[in-house]
Amino acid sequence: MINPDLTVDLHNHIIDNQTFDCICGKTYKTQAGLKQHQRRYCDGQFPDDNCTICGKVWTKKQSFNQHMRHRHPTEYNLTMKEEASRTLYKQWFPREIEKMAEAEARYNGKKLNSFLIELTGRSIDSVKNRRKRKDYKDMVANIEKKLDENLVPVDESLVSLSN
């Protein structure tokens, strides 16, 4: 029997082989151990991130990512590269911009954006945003000026697309 006069904080001690179970499946000998686990790792939720390499389980994404960075850096880096390739926008290359500006300067039909989308393989937003830029507008104006002076050689691949 426990003496009621004791002022010891009992939740830090093991009592009669009692265990404290977390919803994630981990078991602790003390209530304090369970509370610390829940504060740091689990929040009392079901695990949603598990390591396919070693089988450990986390409910906090931050803890899972830290584990992957430190314990499985090669696999973590591959995963980050894959995610980056899906989320980053494709960079415009200078020659690609020049080709689009030349095509725009030579184009004399309707639906210019549709034509430029077909030419570049870019989205409508990407083409529109590029065309709004001052440096791009200046490039088109310079090409148009050279065309008026007959200083720009004809790019046959652009002529066939505009007809």
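These figures come from a predicted structure and were not determined experimentally.

**Q** Go over the environment of Asn113, please, and point to the residues and values.
**A** Along the chain, the position of Asn113 falls in helix α5 (residues 112-120). Look past the residues within four positions of Asn113 in its chain and what remains in contact with it is Ile124, Val127, Lys128 and Arg131.

**Q** Help me get a handle on the packing of aromatic side chains, residues and values and all.
**A** Using the criterion set out here, one finds 1 aromatic pair in the structure. Measuring from ring centre to ring centre gives 4.5 Å for Tyr107 and Phe115, while their planes differ by 20°; the resulting arrangement is stacked. Each member of the pair Tyr107 and Phe115 is classed as buried. The ring of Trp92 is capped by Arg122, whose NZ or CZ atom sits 4.1 Å from the centre of that ring.

**Q** Could you give me a rundown of the pattern of salt bridges, with the residues and numbers involved?
**A** A complete count under the given rule lists 6 salt bridges for this structure. Note that Arg131 is salt-bridged to Glu104, the shortest N-O span being 3.1 Å. With Arg131 in helix α6 (residues 124-132) and Glu104 in helix α4 (residues 94-106), this pair connects stretches of sequence that are 27 residues apart. Among the salt bridges present, the one from Asp135 reaches Arg133, with a minimum N-O distance of 3.2 Å.

**Q** Talk me through the side chain of His72; I want residue IDs and the actual numbers.
**A** If you trace the backbone, His72 turns up in the loop between α2 (61-71) and α3 (73-87). Classification of His72 as buried rests on a relative accessible area of 11%. Those residues in contact with His72 that sit more than four places away from it in its chain are Cys51, Ile53, Cys54 and His67.

**Q** Which residues make up the environment of Gln18, and what values do they have?
**A** Mapped onto the fold, Gln18 is located in the segment before β1 (20-21). Along the backbone, Gln18 and Gln31 are 13 residues apart, and their C-alpha atoms lie at a distance of 9.5 Å. Residue contacts for Gln18: discarding those within four places in its chain leaves Tyr28 and Lys29.

**Q** Summarise the packing of α4 against α5; cite the residues concerned and give the values.
**A** Two numbers describe how α4 lies on α5: the axes approach to 10 Å, and their chain directions differ by 145°. Note on packing geometry: the crossing formed by α4 with α5 is right-handed. Mapping the contact onto sequence places Glu96, Lys99, Met100, Ala103 and Glu104 in α4 and Leu112, Phe115, Leu116, Leu119 and Thr120 in α5. Looking at the contact of α4 with α5, its residues break down into 6 nonpolar, 1 polar and 3 charged.

**Q** Describe in detail the environment of Lys61, supporting the description with residues and values.
**A** Structurally, the position occupied by Lys61 is in helix α2. Assessed through its relative accessible area of 46%, Lys61 is described here as partly exposed. Put simply, Lys61 and Asn50 are 11 residues apart on the chain and 9.7 Å apart in space, counted from C-alpha to C-alpha.

**Q** Tell me what's going on with unusual backbone geometry, and back it up with residues and numbers.
**A** One non-glycine residue, Lys111, adopts positive backbone phi at about 55°. Of note, Lys111 is situated in the loop between α4 and α5. According to the relative accessible area criterion, Lys111 is exposed, its value standing at 66%.

**Q** Now, about the packing of α4 against helix α7 (residues 134-148): what can you tell me, with residues and values included?
**A** Remark: α4 packs on α7, axes separated minimally by 9 Å, with the N-to-C direction vectors making an angle of 55°. The orientation of α4 with respect to α7, classified from their angle, is oblique. By crossing handedness, the relation of α4 to α7 is classed as right-handed. Contact residues: Ile97, Glu98, Met100, Ala101, Glu102, Glu104, Ala105 and Arg106 in α4; Tyr136, Met139, Val140, Ile143, Glu144 and Leu147 in α7.

Calculation criteria
- Residues numbered from 1 in each chain as written.
- Predicted model: local features only at pLDDT ≥ 70, side-chain atom pairs only at ≥ 80, totals over all residues.
- Heavy atoms only, no water.
- Helix = DSSP H or I, 4+ residues; strand = E, 2+ residues; numbered from the N terminus.
- Contact = heavy atoms within 4.5 Å.
- Phe/Tyr/Trp six-rings, centres within 6.5 Å; stacked < 30°, edge-to-face > 60°.
- Buried < 20%, exposed > 50% of the residue type's maximum accessible area, 1.4 Å probe, protein only.
- Lys NZ or Arg CZ within 6 Å of the ring centre and 35° of its normal.
- Salt bridge = Lys/Arg side-chain N within 4 Å of Asp/Glu carboxyl O.
- Axes fitted to C-alpha atoms, helices over the stretch in contact; angles between N-to-C directions.
- Left-handed = near helix turned anticlockwise from the far one by under 90°.
- Nonpolar A, V, L, I, M, F, W, Y, C, P; charged D, E, K, R; others polar.
- Parallel < 35°, antiparallel > 145°, perpendicular 65-115°, else oblique.

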